[in-house]
Structure formats: structure tokens, C-alpha cells
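Listed below, chain by chain, are the residues.
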Amino acid sequence: MFGLKSDWSLNANDRYFTLDDYARSLPRWCTGCGDLGILAAIHRVCRENQILPENMVSVSGIGCSSRLPHYMNGYGFHGLHGRALPVACGVKSRRPDLDIWVATGDGDCFSIGAAHWVHALRYNMDITVLVFDNGIYGLTKKQTSPTTPEEYLTNTHPTGALLPPLNPLTVSLGVSNISFVAQMVDWNPPLLYETIKAAHDHKGTSFVRIIQRCPVYMESLNLEMMDDPTNLLLLHHENGIPVPEGVDRLFENQLEHDPSNLPAALGIAADRSKMPVGLLYRNDEALCYDELSSVGLDMSYEEKLAGVNTALDKFSV
Amino acid sequence: MNDQLISVQEVSSAAEDLQARDAAEPIPEHIVEIVSDSGEGAQKCGQTFGIVSARMGNGVWTVEIIPAEIQPPARTPDGASGIRIRVGEDLMTNMGNEANLVVAFNEQVLRSRLASHAYKAGTIVLLDNMWASDSSEDIRTQYSEALNEFAEFGLEVYELPIQTECLKVVPDPRKGKNMFVLGMLSHIYSRDKEQALNEIANIFSRKSEKVISTNHDLFRAGYLFAQQNVPYHYEIAPSKLADKPMVVMSGNQAVGLGVMASGMEMVSMYPITPATSASHYLADDFHLTGGFVHQAEDEIAAIGFAIGASYAGKTACTITSGPGIALKTEMISLASMAEIPLVIVDVQRGGPSTGLPTKVEQGDLLTTMFGAPGDSPKVIIAAATISECFHFVTLARRLAESFRIPVIVLTDANLATGVQPFERPDVTIDWFAAPVDQSDWDENVPAYDWDEETGLSARAIPGMRNGGYVLTGLAHNRKGKIAYDTTSNQEGSDMRSLKMATLAGTLNRPEVHGEAEGDLLIVGWGSTLGTIEEAVDVARENGHKVSSIHLRFLSPLEPGLRDIFSKFKKVMTIEINYSDAANAPRITEENRRYAQLALLLRAHTLVDVDCWSVVSGHPLQPGNISRVIMDRVAEIEGDKKCLD
Ligand SMILES: Cc1ncc(C[n+]2csc(CCOP(=O)(O)OP(=O)(O)O)c2C)c(N)n1
Ligand code: SF4
Ligand SMILES: [Mg+2]
């Protein structure tokens, strides 16, 4: 951290990081893509928290959104379609010192990676999971995703999606040991920043579904939502996402919602008439699996050697 | 263990021991089986018999007889559950041919063993006679019919009141008969009674003193019963090899211990037979070295989790079997492409598909080698013994890190459950993975700084300052940047392949068992080592010019094969996987599908390598191989006569 410390000392070698220190190459997303705003918000949170770049690992799957690690400084893992979460959890399992970000798409997380989504939420390891939900498969050019609205025309369902979309919020809230569920839109930068900051600060798996614009394949859908803010419902509470001054005026519909109230959160999540934005649920007491999986990290080599010999003794003849 | 203090009884039984030993007939080795319905503890009995024998300095090899269902119907041939223990003066390397002595809890399970050619005329059978007086007439008839069948075959059946005797000690002999039988066998084979009692106390160490003393009583009752009623009494001298400190365990336990001795801190797995017991073992003991077993939601997540830890500098291991390998394929390819060290243990079982979960097959060689998109080079090594199950896991961790590559260790159901003593490994601290390097990375060194001579490159670990890079499974250049240009993917592929050649350059030629030239060379891999060599030795004793080699490295292959092959008139593999028999209907030289190693060797050496393989699910026995050898040798020697 830069500046004077509480003991009045000033270490000249201390590093201070600017926004540029968190960027890598220039993003190659389409003009107007909501992913750009999410990236900017993440960079701001990194700077605000002065995360050591070398201690950051951004893990993703495959999709437009999963390009994110290429635009983040530090370490990145751009792995397989749907498999970001197991890798991220594996990194955290024996390296609890690392700061883990996961970027995943609606196809990546809710379709091919659905099993990992449910289980990673249950593991509740201390990682930040951002789902870039554009309601479509972007990278592979407009196929139906689990969150594509009914009757929306896609290349795999040219007469419209056949089934009602999956509700990622009710599913997440239904997972035992869940500890943080929030939803946000990419086009409200101050609230997006606050949401990602709260998610990152939370100890445990913070799951944020970000409604993300894809002007190339989902233009009409996003316009509808942006043009008519009555579709949205702002959740606020003293323990919720801080709502910056002035921002609340953008929301006609608001609800005071205590994020410790799971049944209320489920009710809000299940109501398809309004899209809630804000913190639906938080439980700081949930068990963190990384605290279990990292047992023995402090063991010395001598102790390990003694351990191997104790184990061998049991088999000796 | 208080009851060991009943000193009067001990003193008198010690005297009996002496007497008994005097009369024992010395034998070099015996094959013993215990067969029962599932759940009657035959395996526990046999394992204990094996461990006691190993502790007494004998060579031991055990094979479990496992029904495919957890609770198959009682008294059915298909439900046969049990264990075979081969005990001898020398190192035992395989299950041998037909059993010498069998203890059977019912007659039906014997029928299935008979059908699998496990017995010969003269095999001694000690059979519980409780079924002769069963209240059901059907059962009584089945019993007497089976006895006729056995007599016709030539089994030497002794009907013994095992159940009745056990009832004198416990109310329900279904739990406990096994310890009575252990007592019987201990007398028959002059086993060290103290060792056996200690071992029983170990088995039940988590149970109450009462349970231990009841089982001790059963053991003593069985011992005494055999002494007074069974006309067989043998002595097997300890092996000369036993001067060195030894350990005795199953292949899966050896895999687990290998993980610990290699310094790996994490095993990430999804339960699958016959691999799971390795993780069961680790779940008990991994904490001794500070490790953790992660049971993932599926096999893909299991390997993804291990890859995550490996990427972060803690090379991890995932343990699975064939169907799990199928699911992990995409991740293995990622580890190959992005050069992530990783250890994958594949305890092979019978395939295809869900196949024969509890049975033996060497069916995953080609899928591990080629089952991936594009060219995904990886190291594949196959353990041939229980000791190698241990050592190859430690070797795998080192190879994975030095070559920045996934390493697959192949074992199989035969090794997984087999128990064999081996020299106690002298583990030292340098066996362990080095601490995670967190020094600064030189900014000028790219993420994949491929050495043109070897393909090797150093790896930045998260936490290293200035080392940040984005690992990707997309085509990438030296800098680790996604690159779709015309040269980058070629260069990356060349470099990853070059590592294989670099590793191959460090390997030794396989040793030839037998003469370096002759008529027939058998090539094997995996758990068939002892069986093949025993059959080769028999052929050689009979004057045939037969030798064998056994491959441990399958990818890359060991060097010198073409040269070794050129010294023999015929080369063939013996494997436990599918191949068309050369003389099967419709099969021609052109369309014949070869066994897996044979196919590889044909491509690799351009030698016309023949093969013999089966997928019966059973481990090979020396006798199977002897017959194949005699067939081939007859062809070769026949040819020779024509030339003369
Ligand atoms: C195993 C596998 N199956 C399919 C694909 C092809 N694929 C790549 S991205 C993608 C969908 C991406 O959609 P989403 O996760 O919503 O991300 P977006 O591009 O919309 O950000 C698919 C099907 C793949 N790369 N790997
Ligand atoms: S296709 Fe859509 S989601 Fe993908 S980069 Fe373009 S705008 Fe963004
Ligand atoms: Mg999408």
C-alpha cells in the first residue's frame, strides 16, 4: 500500500498499482459489448483493493466472456468450455494465498458447466465468480443458451427458443451452503463496481450474474431492458450492495431486502415479472471448503518424511 | 488383546505347535483359495493369511475373486466371492495355475471356480458340510449333485462341520467363520500363531476388545480343529530374499503411498472401481504427509481440480479407471497443450463402456495414448508389479514436472487388489516436490521459452512477480499468446513432441528375459510380467528358444526394440485386451485387428509383430501362456523342419 503507515513509517519500496497495472492487452470484444464495462469495473476493484497482480489468477472457460483473463494482468487460465470452476477451485485448494477471479458465460456456466456451477457454489471456496449472461452463445454465433428468452429467434431455434429459460438465481439460491448471490446489469457502472467490490470482499464463493449486452446477437433484448427501467427492481439494504448517491433515482421499482433472508430472496428471484438487481443473499457463516482442502500446508519436510515412514511402518513385515 | 495373557493355554498350544511342526511336510509353494458367498469375509481371511505369510518371509501373491454385484444371490455360482493366495519359498509374481487347496463355504461357489479352470484333479477341497443337512430339500439335492460332479472331476473333497464348530463359539457364524478358517489354514500351513493373532487384533483395532477376543477365540478353535481333524499339514520355508526390510500391500495402497512419498499434496478423484480403494487408503493416511483427497462431482471436475492445483505449483494426481479416462480426455489434452505437469493413475478394468468393473483388462493403452483432439503427447508408463505401482507414481511426479507434461501411470485390477511383499523403499526428503518457487521471474523470459534442442521450458508459477501469463488451450506462441498464424501451431506442436524424443533419449533398452536371440520373443506390459516370465521359463526348461521383454515406458517407447526383435524368428505380444484371432472366420492378414501394444509395435518397428490376447476378465495364468507358446513354437519348429 502506498503512503504513510499507521506506525508512521514509509517504505519507499512499496508498490502502488494504477488501473494500467491491471490491464494486459487491449480487449477484442465488439464495440458496445457489455463485457468491456465489466472488465473496467473489475480493474477498478483491483486498484481499489491494491491486489498484488502476481497473486491474481483469472480463470475462465470458453466463450466471448472467457477472453477476460487475456485482458487482466497477473496470471490467467483460459481453459476448457464449461470447466472454469473446477480449475479455479483446484488453484484455491492448495494456494489459498491467491486471489481468484472466474469469468464465465451463460452457456459456459449454466449449460455445459452446470454440474460444476452447482457444486462450486456448495464448496463455497473463497473465489469471485462473474457470469457474463448475454442470453446467447456469442462466440459460436447465436445459438440458444439456457437463459435465452422464450421465443427469441436463434440459429439453432429459428422459430424461437422452445422452452422457458432457466432461472440461475433460484437454482443458485437452492444450493446448500450458498453464501453470496447477486445480480447486476452491465450498463450501470457505479452499481456494477459496487457489486463486484462487494463480491470480491466477501469471504466465500460470490456468485454474480451480470446481465450483459451483446449488441451483435441480442440487440433487441437488451434495448428493451435498457429503455424501460421498470423491468428492473433495485434491492437495497444496509447489508446489501451500497447504492451510490443519485443512482437510486434511475430505478422506479425499489425494494428494501435483507440479504440474510433466504426465503425472501427466493421469492424475489422466482418472480419473473421484474429483474432484481442488487444483493439477494449473503451468509458469512457458510463453511469454506478451501479451509479444509488446505490442511497440512504448514507441514515441514521432516514432518512429511516422518509421516511417510509411519505410513510404511503399517505395511512392514 | 488381554486374552493373549491366558498363559496356560498358550504354553500348551506352543507345545502342540512344536509337535505339529515336526510332522509338517515341506513344500516349495501352494496355491490356496477361500471361496464363499459375498459378505462372508473370505477376502479378509485370505489377506490376513497372505500378510502373515509375508511377515514370515514367504513370497506371496494374492488375487481377489470378486462378483460384479455387491450382494449377489447366496449359493449361486455367479456369486462366488473370495481370494486366491499363492504362497511360496521364493518371490511370487503371479497367481499361478490351478489351486492346491481350497476352503469353500458352500458347494455352489466351487462350481463357478471349476468352470473357470481354477482347479485340477487332486485339488484338495475343505467344504462346509452344513448344506448336507439343510432343511430345504432343494439345497440338500444341489449339495449331493455337486459332490458327485466334484468326485467325477477328481477333486479331493473333505466335508467338514465348519458351521457347527463355529456355532460353539459364536451365535451367527456368517460373521466369524472367516477367522475360524484362518485358524484352520494357519495350522495346515504352520503359520506363526502370534503373528496371526496380532494381525486379527489389527483388523479389528477400531472395534471393541470383545470383538477382538471373540475373533481370537474363533481363530484358536479353527486352529485346533484343523490340528485334530484335517489330515494335511505343510511347511513352507521362508524365502532367502527376506533379509531386507520388506513391506506388503496391495497395488492400490502402493499407489496411495507413492503419492505421499512423491510429496504430492492432493488427489482429486471420483469413485470408480477398481481405482477407488487407492483413495480410500489415502483418506486414511494422507494427513500424515499433509495431503488432501478431494472427491469431485465428476471425473471432469476431478481432473480440472488437479490441473488447477498443478498450475498453481502443487503438482497433483487424479486416480481413475477407463470410463473416467474417457471423461478426462479433454482435460488431459489441455494439460498436454498448455504444458501443465499432472499425474493420472488409470487402474484399468474390463471394457468397453462400463464393461467389467471388477475385472482385469489392459484396454486403455491406445485411448490414453491417442484419445484426444489433435496431437497431445503425454508420457505413459505401466507398472508391472506392486512395487512399481509405488515407484512409478513417484517417478511420474518427477517426469511431469521436469518435462512439463501429463504423465499417465497404467495399472490394472489385478495389481489393484493383488498383495505382494516388496523391499521397503528408503524415502528421503529429496523424493518430495520442491517448495513452490516464488522468486521473481525474469521479465525477458517468455511463458514458453522452448529450448530448441529439448523442447523443455521453465514454468512461471502464480505468485512469481513478473511471471504473469495467460495459460490457454488455444494455439499459442512462445509468449503464451493466442496465435492463429501459419507457423505458431507448428512450432508449439514440434516443441511438445520434441520433449518426447528428449525423454526417449534418456531411457534404457529393455532387458531380455532369456537368451538375446532365439525362435520366439514374447512382448508384454503391465501386470502380466510374472505370468509371462514363468511360462517362458517353463518353455526354456523344455528346450525351446523362447525369451521375453516387458515394457514399462509405452509413450515414448523404450529404445532398441527393432534391434531386439531382429534377433528372433517371431515376435508376438501377449496382452489382456481385444484382438481378432488370426484364424477366426473372415479374418485376413489385411483386416485383422491387433492387440493394442502389437498395433503400436507394428507401426513403430515395421516388424510383423503377432499377438495373442483375451478379454475374459481374468488375470492370465502361466498355463494359458504356455499353451500359446507351444502353438507358436510348434509352427516355428515345423517351418524349420521343412527348411532342413
Ligand atoms: C467441448 C466444447 N464444446 C463446444 C465448444 C464450442 N463453444 C465455444 S464457446 C461456446 C458457447 C459460448 O457461450 P457462452 O458461454 O454464453 O459465452 P459467450 O460467448 O456468450 O460469452 C461453445 C458452444 C467448445 N469450445 N468446447
Ligand atoms: S458477440 Fe456479443 S458477447 Fe461476443 S464480443 Fe461481440 S458483443 Fe460481446
Ligand atoms: Mg453467452
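If you're wondering where the values come from, they're calculated on a predicted model, not measured in any experiment. (Residues numbered from 1 in each chain as written. Chains lettered and ligands numbered in written order. Predicted model: local features only at pLDDT ≥ 70, side-chain atom pairs only at ≥ 80, totals over all residues. Heavy atoms only, no water.)

Chemist: Help me understand the overall build of chain B, please; the structure alone is not making it clear to me.
Modeler: On a plain count of helices and strands, chain B comes out with 20 helices and 22 strands. Its C-alpha atoms give chain B a radius of gyration of 27 Å, near enough to 26 Å, the size a compact globule of 644 residues would have. In terms of overall dimensions, chain B has a C-alpha envelope of 80 × 70 × 50 Å along the principal axes. Looking at chain B alone, contacts between residues at least 24 apart form 78% of all its contacts between residues at least 6 apart. (Helix = DSSP H or I, 4+ residues; strand = E, 2+ residues; numbered from the N terminus. Rg over C-alpha atoms; globule rule 2.2 N^0.38 Å. Contact = heavy atoms within 4.5 Å.)

Chemist: Please clarify how the interface of chain B and chain A should be interpreted in this entry.
Modeler: The extent of an interface is frequently quoted as the accessible surface area lost upon association of the parts. Taken residue by residue, the interface counts 68 residues in chain B and 53 residues in chain A. Contact between chain B and chain A buries roughly 5,100 Å² in total, counting both sides, with carbon and sulfur atoms accounting for 65%. Contact with chain A buries surface across chain B, with Glu297, Arg424 and Val470 of chain B losing the most and accounting together for 12% of the total. Joining chain B to chain A, the criterion identifies 4 salt bridges. With a closest N to O distance of 2.7 Å, lysine 314 of chain A and aspartate 285 of chain B form a salt bridge. Elements represented by at least two residues in the side of chain B that touches chain A include exactly α2 (42-55), β9 (246-250), α9 (251-261), α10 (276-285), β11 (292-295), α11 (299-311), α12 (322-338) and β17 (470-472) of chain B. Taken together, the 3 bridges between strand β2 (residues 75-78) of chain A and β17 of chain B define a ladder with parallel strand orientation. (Buried area = accessible area lost by both parts, 1.4 Å probe. Salt bridge = Lys/Arg side-chain N within 4 Å of Asp/Glu carboxyl O. Pairing = 2+ DSSP bridges.)

Chemist: Would you mind going over unusual backbone geometry with me for this structure?
Modeler: One can expect most non-glycine residues to show negative phi and most peptide bonds to be in trans. Residues and elements named next belong to chain B. Cis peptide bonds are those with omega within 30 degrees of zero, and the linkage from glycine 351 to proline 352 qualifies with 0°. Following the sequence through the fold, proline 352 ends up in the loop between β13 (342-348) and α13 (365-370). Note that the residue after serine 555, namely proline 556, is joined by a cis bond; omega there is -5°. Structurally, the position occupied by proline 556 is in the loop between β20 (553-555) and α18 (561-565). Of note, glutamate 339 is a non-glycine position whose phi angle comes to about 60°, a positive value. Inspection of the secondary structure assignment puts glutamate 339 in the loop between α12 and β13. The backbone phi angle of arginine 404 is positive, close to 50°, even though this residue is not glycine. Mapped onto the secondary structure, arginine 404 falls in the loop between α14 (386-403) and β15 (406-412).

Chemist: Got a minute to help me understand the coordination of the magnesium ion (ligand 3) in this structure?
Modeler: When four donors bind a metal tetrahedrally, each ideal donor-metal-donor angle is 109.5 degrees, and when six bind octahedrally, the ideal angles are 90 or 180 degrees. Residue and element names in this part refer to chain A. The coordination sphere of the magnesium ion (ligand 3), as far as protein atoms go, consists of Asp106 (OD), Asn134 (OD1) and Ile136 (O), spread over 2.0 to 2.2 Å. One chain supplies every donor to the magnesium ion (ligand 3), and in sequence these donors are spaced D-x27-N-x1-I. What makes asparagine 134 buried here is its relative accessible area of 8%. Residue isoleucine 136 is classed as buried on the basis of its relative accessible area, which comes to 2%. (Donors = N, O, S within 2.8 Å, 3.2 Å for Na, K, Ca; no water. Buried < 20%, exposed > 50% of the residue type's maximum accessible area, 1.4 Å probe, protein only.)

Chemist: Looking at this structure, I do not really get the site of ligand 1. What am I missing?
Modeler: If you check the shell around ligand 1, you find 16 residues, and the closest are Cys64, Ser65, Asp106, Asp108 and Gly138 of chain A. Around ligand 1, the nearby residues trace back to chains A and B. Between aspartate 106 of chain A and ligand 1, the recorded distance is 2.7 Å, taken from a side-chain N or O atom to an oxygen atom. Between ligand 1 and the protein, one listed contact pairs an oxygen atom with a backbone N or O atom of glycine 138 of chain A at 2.9 Å. In isolation ligand 1 exposes 590 Å². Once the protein is present, 77% of that is buried. (Near = heavy atom within 4 Å. Polar contact = N/O pair within 3.5 Å; in protein donor to acceptor, adjacent residues only side chain to side chain. Areas by Shrake-Rupley, 256 points an atom, 1.4 Å probe, with all protein chains shown as cover.)

Chemist: Explain the sheet that holds strand β22 (residues 610-613) of chain B here, please?
Modeler: Pairing between the strands of a sheet comes from backbone hydrogen bonds, and it takes one of two forms, parallel or antiparallel. All names here are of chain B. Spatial ordering of the open sheet is given by β19-β18-β21-β22, a layout of 4 strands whose pairing is parallel. Two strands lie at the open edges of the sheet, namely β19 (546-551) and β22, each paired on one side alone. Strand-to-strand twist across the sheet, computed as the mean angle between neighbouring axes with direction ignored, equals 25°. Across 6 bridges, strand β18 (residues 518-525) lies against β19 in parallel orientation. Across the sheet, residue valine 523 finds its bridge partner in β19, namely isoleucine 549. The strands touched by helix α17 (residues 529-541) are β18, β19 and β21 (568-575); relative to β19, the strand with the most contacts, the crossing angle is about 165°. Contacts from helix α19 (residues 596-605) reach β18, β19, β21 and β22, with the element oriented near 140° to β21. (Axes fitted to C-alpha atoms, helices over the stretch in contact; angles between N-to-C directions.)

Chemist: Help me understand the domain arrangement of chain B, please; the structure alone is not making it clear to me.
Modeler: All names here are of chain B. What the domain assignment reports for chain B is domain 1 (2-242), domain 2 (247-431), domain 3 (437-506) and domain 4 (518-643). Taking the mean C-alpha position of each, domain 2 and domain 4 sit 28 Å from one another. Both faces combined, the contact of domain 2 with domain 4 buries some 2,000 Å², and carbon together with sulfur accounts for 62% of it. Here domain 2 and domain 4 share 1 salt bridge between them. Arginine 552 is the partner of glutamate 388 in a salt bridge, and the nearest nitrogen-oxygen pair spans 2.9 Å. Along the contact surface separating domain 2 from domain 4 lie 14 residue pairs in polar contact (both at pLDDT 80 or more). Of all elements in the fold, only α13, β14 (379-382), α14, β15 and α15 (413-417) reach the threshold of two or more residues within the side of domain 2 that touches domain 4. (Domains from an automatic or database assignment.)

Chemist: It is not clear to me how the sheet that holds strand β8 (residues 206-211) of chain A should be interpreted in this structure. Could you clarify?
Modeler: Spatially, β10(A)-β9(A)-β11(A)-β7(A)-β8(A)-β4(A)-β3(A)-β1(A)-β2(A)-β17(B) is the arrangement adopted by the 10 strands of the open sheet, whose pairing is mixed. Looking along the sheet, the strands with just one partner apiece sit at the ends: β10 (254-256) of chain A together with β17 of chain B. Averaged over all pairs of adjacent strands, the angle between strand axes in this sheet comes to 20°, irrespective of strand direction.

Chemist: Sorry, what's going on with the packing of aromatic side chains here?
Modeler: By convention here, two paired aromatic rings are described through the distance between centres and the angle between planes. Within the structure shown, the criterion is met by 22 aromatic pairs over all chains. A ring pair is formed by tyrosine 448 of chain B and tyrosine 469 of chain B, whose centres lie 6.2 Å apart and whose planes are at 90°; its orientation type is edge-to-face. In this pair, tyrosine 448 of chain B sits in the loop between β16 (419-423) and β17 while tyrosine 469 of chain B sits in the loop between β16 and β17, placing the two residues 21 residues apart along the sequence. Residue classification places tyrosine 448 of chain B among the buried residues on the basis of a relative accessible area of 1%. What makes tyrosine 469 of chain B buried here is its relative accessible area of 4%. Here the aromatic residues Tyr75 and Phe77 of chain A together with Tyr311, Tyr448, Trp450 and Tyr469 of chain B are joined through ring pairs into a cluster of three or more. Directly above the aromatic system of tyrosine 193 of chain A lies the positively charged group of arginine 44 of chain A, at a separation of 3.9 Å from the ring centroid. Lying over the aromatic face of tyrosine 594 of chain B, arginine 602 of chain B brings its terminal NZ or CZ to 3.9 Å of the ring centre. (Phe/Tyr/Trp six-rings, centres within 6.5 Å; stacked < 30°, edge-to-face > 60°. Lys NZ or Arg CZ within 6 Å of the ring centre and 35° of its normal.)

Chemist: Got a minute to help me understand the pairing of strand β12 (residues 317-320) of chain B in this structure?
Modeler: Along any regular strand the residues' side chains alternate between the sheet's two faces. All names here are of chain B. Here β12 shows no split at all, with Cys317 and Ile319 on one side and Thr318 and Thr320 on the other all buried. Taken together, the 4 bridges between β12 and β13 define a ladder with parallel strand orientation. Paired with cysteine 317 across the two strands is valine 343, which belongs to β13.

Chemist: I'm lost on α17 of chain B in this one. Help?
Modeler: It helps to recall that an α-helix has 3.6 residues per turn; residues three or four apart then point in one direction. Residue and element names in this part refer to chain B. Taking 1.5 Å per residue, 13 residues should reach 18 Å; α17 reaches 18 Å between its end C-alpha atoms and fits that length. Where α17 is concerned, the buried positions are Leu529, Gly530, Thr531, Ile532, Ala535, Val536 and Ala539. Once α17 ends, the next one or two residues include glycine 543, with phi positive near 90°. (Expected span 1.5 Å × (residues − 1).)

Chemist: Before we go on, may I ask you to explain the pairing of β8 of chain A in this structure?
Modeler: All names here are of chain A. In terms of burial, β8 is largely enclosed, as 6 of its 6 residues are buried. Going residue by residue along β8, you find Ser206, Val208 and Ile210 tucked away on one face and Phe207, Arg209 and Ile211 tucked away on the opposite face as well. As paired strands, strand β4 (residues 128-133) and β8 are joined by 6 bridges and run parallel to one another. Note on β8: the bridge partner recorded for phenylalanine 132 is isoleucine 210. Pairing geometry for strand β7 (residues 180-185) and β8, over 5 bridges, is parallel.

Chemist: Could you clarify how one ought to interpret the nonpolar core in this entry?
Modeler: Side chains of nonpolar character tend, in soluble globular proteins, to be buried together. Residue and element names in this part refer to chain B. Counting 94 residues, the largest nonpolar core has Leu554 and Phe565 as the members making the most contacts within it. Sequence-distant contacts of phenylalanine 565, that is, excluding residues within four places in its chain, are made with Leu521, Val523, Ile549, Val571, Leu601, Thr605, Val607 and Val609. Grouped together as the second largest cluster of nonpolar side chains are 57 residues, Val63, Val267, Phe403 and Leu415 included. (Core = buried A, V, L, I, M, F, W, Y, C linked by side-chain atoms within 4.5 Å.)

Chemist: In this structure, what is going on with the pattern of salt bridges? I would like to understand it.
Modeler: Pairing is possible between side chains that carry opposite charge, provided their charged atoms lie close to one another. In total, this model carries 39 salt bridges over all chains according to the counting rule given. Two residues, aspartate 313 of chain A and arginine 424 of chain B, come together in a salt bridge whose shortest N-O distance is 2.9 Å. With aspartate 313 of chain A in helix α10 (residues 301-313) and arginine 424 of chain B in the loop between β16 and β17, the pair connects residues from two separate chains. Classification of aspartate 313 of chain A by relative accessible area gives partly exposed; the value is 44%. For lysine 570 of chain B, the salt bridge goes to aspartate 610 of chain B, with nearest N and O atoms at 3.3 Å. Remark: aspartate 610 of chain B occurs in strand β22 and lysine 570 of chain B occurs in strand β21; sequence separation between them is 40 residues.

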